[in-house]
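One letter stands for each residue in the lines below.
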Amino acid sequence: MGEISSKLAEQLWADILIHDDGIDGTGGSFANLIGPFGVGKSTLLMQAAQLTRHLDYGVTKTQFWQHPERYEVIPETVIMKGLSDDHWNTLIPKNYKNSFSNYGKPKYLTVHIHEDDEYRFYEVSRGTKRKINHEINIRTYQDGAQLHDNIRLEAINVVYEPTNYHLTTAILKKLNQYKLKSTAEKNELINAPPELFWFEFIENLCRQADGTHCSLILDEFHLIAPAYTQGDTFHMINWLAHQMIHMRKNNISLIASTHEENLLDYRIRDRIVRKVWFKGALPKTSMVKIQALRGLKDIGEAIIEERQIKFGKFSFDKIPEQPPLLKAVA
Ligand SMILES: Nc1ncnc2c1ncn2[C@@H]1O[C@H](COP(=O)(O)OP(=O)(O)OP(=O)(O)O)[C@@H](O)[C@H]1O
Ligand SMILES: [Mg+2]
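All figures in this text were calculated on a predicted structure; none of them were measured in a lab. (Residues numbered from 1 in each chain as written. Chains lettered and ligands numbered in written order. Predicted model: local features only at pLDDT ≥ 70, side-chain atom pairs only at ≥ 80, totals over all residues.)

## A look at the overall build of the chain
Helix and strand counts for the chain stand at ten helices and 20 strands. For the chain, whose C-alpha radius of gyration is 20 Å, the value lies close to the compact-globule estimate of 20 Å for 330 residues. Judged by the C-alpha coordinates and their principal axes, the chain covers about 60 × 45 × 40 Å. (Helix = DSSP H or I, 4+ residues; strand = E, 2+ residues; numbered from the N terminus. Rg over C-alpha atoms; globule rule 2.2 N^0.38 Å.)

Following this line, the structure appears as structure tokens:
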């Protein structure tokens, strides 16, 4: 194994959170948090949402890490997939001051839902449900293009994909290239799993990108890029894998989480070179060994890996005064 140290782990985590420009430097970076239920993946992702930053154009990460005091770090736009059981209520500014008091100014939070959907958001605790819609800034979108226009910069944007999603004409054309949907009639509505909306949206993000830095935070990433797809969905994942090249150059980063690496499609999984391993994970494609993970605390510790070269043991705290679980009901 290469280098192992706690100091290095801090640096590797910071490196996941700070991005430079894809023309002068590395651009968007990809990281995956891997571990079983309840090890703290979502907790770290919520912290990441507040902490992602980027450097000014022309400043590379190498320059920054040599003299961090010399350069400004700018809050980065975050786009997060909203889940039915989620924790983003900890990022509502009124809760933020209890939970993230030493993180500086909060990023503004907006929740995006499709115009045909109605969502009720609740905080659930000890058998009671409290509706919190009035505490949230909610915007509606018609399609991926409008969602792209509605994204609030330097803020946290939680996105609920449409509950009824139909493939767009542009996507049908792409599938036609694989000669898979040659029979699709013009204007025919093809019902698709809602998660496929992310393919359309990420393509939009890359196509319209102007170098603005953005982090996609995709908790439970296996919902979007599962292993063992068939037919058209298999081809769509190929297309998403190709988008990852554009994402990097266009300053779009990915911080994802999954219970087990093998739950992800190999074309996506193998393009993510930064990994955070928790106790109980099964690292099959890594030099990190299960024995090393067994030595970690049940919660609050992880091993960070970069490209099978750098490894470090990393500690993190729970979010102080975190509000109860959030339930999104469509
Ligand atoms: N460092 C920590 N110390 C103590 N408790 C923690 C720590 N980090 C997180 N927790 C708590 O552990 C519980 C599980 O955390 P979290 O929801 O982040 O796990 P998860 O890996 O996302 O689980 P799941 O796979 O079920 O979604 C939460 O109640 C959280 O507040
Ligand atoms: Mg979770």
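What follows picks up the thread again.
## Considering the confidence of the model for the chain
Averaged over every residue, the pLDDT of the chain is 89; residues scoring 70 or more account for 95%. The least confident element of the chain is strand S1 (residues 3-4), whose mean pLDDT is 52; the most confident is strand S12 (residues 156-159), at 98. (pLDDT = per-residue confidence, 0-100.)

## Quick word on the nonpolar core
Formed by 77 residues in total, the largest nonpolar core has its most connected members in Ala49, Met80, Ile217 and Trp277. When near neighbours in sequence (up to four residues on either side) are disregarded, Met80 contacts Ala49, Trp88, Ile156, Asn157, Val158, Val159 and Ile217. (Core = buried A, V, L, I, M, F, W, Y, C linked by C-beta atoms within 7 Å. Buried ≥ 20, exposed ≤ 12 C-beta atoms within 10 Å, placed from the backbone. Contact = placed C-beta atoms within 7 Å.)

## Comments concerning the packing of helix H7 (residues 197-207) against helix H8 (residues 231-249)
Two numbers describe how H7 lies on H8: the axes approach to 10 Å, and their chain directions differ by 25°. Classified by the angle between their axes, H7 and H8 sit roughly parallel to one another. For the crossing formed where H7 meets H8, the hand is left-handed. When H7 is examined against H8, the residues Phe199, Ile202, Glu203 and Cys206 are found in contact with a partner set consisting of Met236, Trp239, Leu240, Gln243, His246 and Met247. Of the residues assigned to the contact of H7 with H8, the class counts are seven nonpolar, two polar and one charged. (Axes fitted to C-alpha atoms, helices over the stretch in contact; angles between N-to-C directions. Parallel < 35°, antiparallel > 145°, perpendicular 65-115°, else oblique. Left-handed = near helix turned anticlockwise from the far one by under 90°. Nonpolar A, V, L, I, M, F, W, Y, C, P; charged D, E, K, R; others polar.)

## Brief notes about the pairing of strand S8 (residues 109-114)
In terms of burial, S8 is a largely internal element, five of the six residues being buried. Direction of pairing for S8 relative to S12: parallel, over a ladder of four bridges. Residue pairing for S12: Thr110 is matched across the bridge by Asn157. As paired strands, S8 and strand S11 (residues 137-141) are joined by five bridges and run parallel to one another. Paired with His112 across the strands is Arg139, a residue of S11. (Pairing = 2+ DSSP bridges.)

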